[in-house]
Every structure is written in structure tokens, then in C-alpha cells.
Amino acid sequence: MNLRRIAYTRPWRTFIAGFFKENAVTYQLLGLCSVLAVSNKLENAIAMGLGVVFVVTISSSLIALMRKLIPPQYRMITYMIVTSTFVIIVDQFLKANFPLISSQLGPYVGLIITNCIVMGRQEAFAIKNGAWLSFLDGLGSSMSYLYTLVILGIIREILGFGTLLNVRVMPLDFPPWVVITMAQGAWFLLAIYYWVFRRVAKLKPAEQE
Amino acid sequence: MNLKRKLLDLLFIVVLGVVSVAMLLAAQSYSAPAVRRFRETRLKTNVLTAAGIPWTQADFREVFERQVREETGSGEAWFVAETLVIYEFRGRGLWGMIEGIATFDSAVTHIASVRVLSQEETPGLGDRIKEPGYLATYRGKTATEPLDLALRHKASLPNEVDAISGATLSSQALVTIVSAAALRLRTAKGEAQ
């Protein structure tokens with residue numbers, strides 16, 4: 001199968017929809033609270049982003065595998081149990097191996113449980129589709145969250161701290177933009193990011209009802 | 001819905017719960033030693049910093065061994081470094097536990113400094129209790145009587161500390177915890193002598 005044919009296959013379209021045009025952050029506007037909170041430094045953004053990628057892909061695939069067993073009226077509680085198990089595992093892993101990043105992320109790792117991308121993909125996709133497609137769907141959506149965090153994290157760390165991955169990249173007399181390290185400053189940056197992203201992805205304005 | 005269906009649903013939830021608990025226990029036992037090591041490092045380096053003793057990542061254990069003495073009495077333990085007494089505190093905050101260390105003069109009459117090592121207060125509001133700028137308000141306050149929160153004015157009395165606007169409950173929690181810690185330490189130290 002050549003590359004052009006791959007672009008028309010169902011798995012590829014499933015992945016790329018979540019990854020680009022139907023981006024979890026810029027199109028579905030999900031997970032914004034944590035986007036603002038943890039994109040202040042690149043290392044936090046990477047740790048949090050990878051945590052979300054892990055939780056979304058694993059839990060979406062598992063829900064898809066179990067979808068015929070899950071009693072319909074206990075769907076939500078099943079999502080919660082599966083999601084929180086993996087979130088706690090991520091939290092423990094960070095605490096054991098990256099304690100400083102873990103303490104900087106504070107409560108936000110635990111709050112992946114309430115990140116709408118996780119339950120959104122489970123309810124919108126995994127419960128109706130097979131494990132492989134659900135894995136790709138979760139991967140696409142969560143990778144869009146990861147790269148959004150990373151892009152914002154790079155800009156915010158350079159402007160707000162003058163460093164990148166804690167290595168100084170700006171001259172020592174560069175005045176740090178304190179406002180960009182706070183959530184308020186992140187809103188401005190996020191708005192500009194939306195504008196650029198929607199231009200690049202050629203997204204039309206939402207249709208008015 | 002018939003009984004069999006209900007029982008099957010119940011079985012599903014029970015199995016899911018058991019599997020999830022087993023995975024969590026495995027994760028916990030994997031991370032426990034590393035978490036313990038991190039807590040020990042955090043405590044020792046913070047005690048050294050609070051005592052004003054220089055340390056590096058490589059030698060803080062030896063420096064701690066050499067310069068800090070652990071004393072116990074009445075079921076409490078505290079550290080003595082030069083003329084300072086350092087005591088670990090732990091208590092309920094608004095959402096979770098607040099842990100930290102408080103440093104006093106040798107007779108435990110005044111607070112030299114307070115450091116918060118871990119907390120789970122509201123991000124952006126209550127979590128400001130961990131900021132050194134805020135904790136500086138505890139410096140030099142009395143340790144012989146309970147502290148009060150200055151709610152509508154700037155703290156000026158020796159037993160008053162500032163509140164954080166928007167986070168009165170978290171500020172109050174820390175004040176209560178530090179006061180209780182000072183009282184416990186004074187009692188234990190008094191009985192030890």
C-alpha cells in the first residue's frame with residue numbers, strides 16, 4: 001500500500017481527525033484549565049502531555065475491548081474506574097521518578113481524571129468502535145493536547161523565565177514577562193494560538209443557530 | 001430486567017474494581033521506596049536550608065549527620081542545629097494535608113521561619129501558603145501563645161500573621177497547624193529538660 005492510499009484508510013482518518021482538524025484543544029475546546037495551568041514550563045508541559053496521552057490511549061483501548069461487556073447503565077462508572085486507575089498509576093510513576101516535576105504539577109496530574117478529553121473520547125468513540133481504532137482516536141486527540149501544551153510551554157518558558165528546559169536561552173538582561181507565566185497571560189497566548197491554528201487548519205467559524 | 005442480568009452487571013463491576021485495586025497496589029509498591037527516599041531528601045535539605053547551613057546535592061547527608069542533632073522526648077522528635085530548633089509539622093488543610101517544618105530559637109519563644117513542603121490547597125488561591133514571600137509573615141512571631149489571623153488589617157501584633165485574600169480557610173489552617181506544633185514542641189521540650 002503506498003502512502004497516498006494510507007491517507008484514505010479509516011485508521012489514518014481516525015487518527016488525523018483528532019490530531020489536526022478536530023483537535024481536542026482548539027476545535028473541541030476540552031481540557032483548557034490544565035492547558036493554562038501547566039504550560040508555563042516546557043518540562044511540565046511534556047510530563048503532563050505524556051501523562052494524558054498514556055491515560056487516554058490506554059483507557060480508550062480498554063473501554064473499546066470491554067464495550068460489549070459494559071452494562072449500559074454503568075457506563076460512566078466504568079469510565080471513571082478505568083480512568084482513575086491509570087491516572088493514579090501516572091501520578092505514582094511521576095512521584096517515584098520525577099518528584100520535582102510531580103510537585104510542580106501539583107494537583108493537575110490527579111485532575112487528569114476530570115480532563116474532558118478522556119471521558120469525551122471514551123463516550124464519543126471507544127464505546128462504539130474496536131480497540132485499534134479507539135487506540136488511534138485516543139492517540140490523535142491526546143497528541144493534539146500534547147503538542148498544544150508543548151508549543152505554549154516553549155513560548156511561555158522563553159518569555160516568562162528566559163529559559164528552555166531550564167537552560168538559559170535569552171540574554172541575562174532580558175526582562176522576564178511575569179504575566180505570561182500566569183494563567184491570565186496564558187489566555188492571551190491561547191487566543192493568538194487559536195487564531196493562527198484555525199487559519200492554518202482552514203476551520204470555518206462555528207455556524208450560528 | 002431480570003435477576004441474572006443484574007447479577008452479571010454486579011459481577012462486572014466487582015471484577016473491574018478488584019482488577020483496578022490490584023493494579024493500584026502494584027503501582028504503590030513500585031513507587032513506595034522512591035517516594036520514601038524523596039521525602040527523606042526533602043526533609044534533610046529543607047532542615048539544612050532552614051538552619052542556614054550550606055549543602056550540595058552530593059553531600060547533604062553527611063552535612064546533616066555532622067551538623068544536625070535529633071532529639072526526642074514525650075513521643076515527639078525535633079532537630080537541633082546550632083542555636084535553632086526545627087520541628088516537622090503536619091495537619092489538615094482545606095483539601096488535604098499540609099506538611100512542613102517550623103524553625104524556632106533554642107528556647108522556643110519565637111518563630112524563626114516556616115517552610116511548607118507539601119500541600120494540596122486550591123491552585124492559585126490557597127496554594128500561596130507555600131510561597132516564601134507569604135511565609136515571611138511568620139518570621140519573628142511569638143511561639144509562646146497561639147497565633148491569630150489578621151483578617152481586616154495588616155498583621156502588627158507579635159501573635160498575628162497576615163491572611164491571604166481569597167484563601168482565608170487555607171491561611172487559617174496553616175496558622176492553627178503551626179500554633180499547635182509550637183505548643184507540642186514546647187511541652188515536649190519542657191518535659192525533656
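What counts, and where the lines are drawn
Residues numbered from 1 in each chain as written. Chains lettered and ligands numbered in written order. Predicted model: local features only at pLDDT ≥ 70, side-chain atom pairs only at ≥ 80, totals over all residues. Axes fitted to C-alpha atoms, helices over the stretch in contact; angles between N-to-C directions. Helix = DSSP H or I, 4+ residues; strand = E, 2+ residues; numbered from the N terminus. Parallel < 35°, antiparallel > 145°, perpendicular 65-115°, else oblique. Contact = placed C-beta atoms within 7 Å. Nonpolar A, V, L, I, M, F, W, Y, C, P; charged D, E, K, R; others polar. Left-handed = near helix turned anticlockwise from the far one by under 90°. pLDDT = per-residue confidence, 0-100. Expected span 1.5 Å × (residues − 1). Buried ≥ 20, exposed ≤ 12 C-beta atoms within 10 Å, placed from the backbone. Arc of directions from axis to C-beta. Pairing = 2+ DSSP bridges.

A. Here's a closer look at the packing of helix α5 (residues 75-97) of chain A against helix α1 (residues 3-50) of chain B. Two elements in contact, α5 of chain A and α1 of chain B, have axes separated by 8 Å at closest approach and are oriented at 10 degrees. Put simply, α5 of chain A runs roughly parallel to α1 of chain B. Note on element contacts: α1 of chain B touches α5 of chain A through Leu-16, Gly-17, Ser-20, Met-23, Leu-24, Ala-27, Gln-28, Tyr-30, Ser-31, Ala-34 and Val-35 of chain B, opposite Thr-78, Ile-81, Thr-85, Ile-88, Ile-89, Gln-92, Phe-93, Lys-95, Ala-96 and Asn-97 of chain A. The class makeup of the residues in the contact of α5 of chain A with α1 of chain B is 12 nonpolar, eight polar and one charged.

B. Molecular detail of the packing of helix α8 (residues 131-161) of chain A against helix α10 (residues 183-200) of chain A. Residue and element names in this part refer to chain A. The geometry of α8 relative to α10 is characterised by a closest axis approach of 11 Å and an angle of 130 degrees between their N-to-C directions. Taken as axis vectors, α8 and α10 run oblique relative to one another. Viewed along their axes, α8 and α10 form a crossing whose handedness is right-handed. Contacts between α8 and α10 involve Ile-151, Leu-152, Ile-155 and Arg-156 from the former and Ala-186, Leu-189, Leu-190 and Tyr-193 from the latter. A breakdown of the residues in the contact of α8 with α10 according to their chemical character gives seven nonpolar, no polar and one charged.

C. Region of the structure containing the confidence of the model for chain B. When pLDDT is averaged along chain B, the result is 91; 99% of the residues meet or exceed 70. At the level of chain-chain contacts, confidence expressed as ipTM amounts to 0.79, with global pTM at 0.79.

D. Local environment of helix α2 (residues 10-21) of chain A. Residues and elements named next belong to chain A. Between the first and last C-alpha of α2 there are 16 Å, a value that for 12 residues agrees with the 16 Å anticipated at 1.5 Å per step. If you check which residues of α2 are buried, you get Thr-14, Phe-15, Gly-18 and Phe-19. Angular distribution of buried residues about the axis of α2 spans 115 degrees; they occupy a single face of the element. Buried-residue contacts for α2 involve α8.

E. Region of the structure containing the interface of chain B and chain A. Taken together, the 19 residues of chain B in the interface contact 18 residues of chain A. Of the residues belonging to the side of chain B that touches chain A, the class tally is 11 nonpolar, five polar and three charged.

F. Region of interest: the pairing of strand β4 (residues 97-105) of chain B. All names here are of chain B. Judged from the nine bridges that link them, strand β3 (residues 84-92) and β4 form a sheet pairing that is antiparallel. Bridged to Arg-90 within β4 is Glu-99. As consecutive antiparallel partners, β3 and β4 are separated by four residues. Strand direction decides the pairing type here: β4 and strand β5 (residues 111-118), joined by six bridges, are antiparallel. When the sheet's bridge partners are listed, Ile-101 is paired in β5 with Arg-115. Here β4 folds back onto β5 in antiparallel fashion, the turn holding five residues, of which Val-108 has a positive phi close to 50 degrees.

G. Representation of the sheet that holds β5 of chain B within the structure. Residue and element names in this part refer to chain B. Taken in spatial order, the five strands of this open sheet run β1-β2-β3-β4-β5, and their pairing is antiparallel. Where the open sheet ends on each side, the last strands, each with one partner, are β1 (68-73) and β5. Strand-to-strand, the axes of this sheet are offset by a mean angle of 30 degrees, without reference to chain direction. Here β1 runs beside strand β2 (residues 76-81); their pairing, made up of six bridges, is antiparallel. In the sheet register, Gly-73 faces β2, and the bridge partner there is Glu-76. Contacts between α1 and the sheet are confined to β1, β2, β3, β4 and β5, with β5 contributing the most and set at about 155 degrees to the helix.

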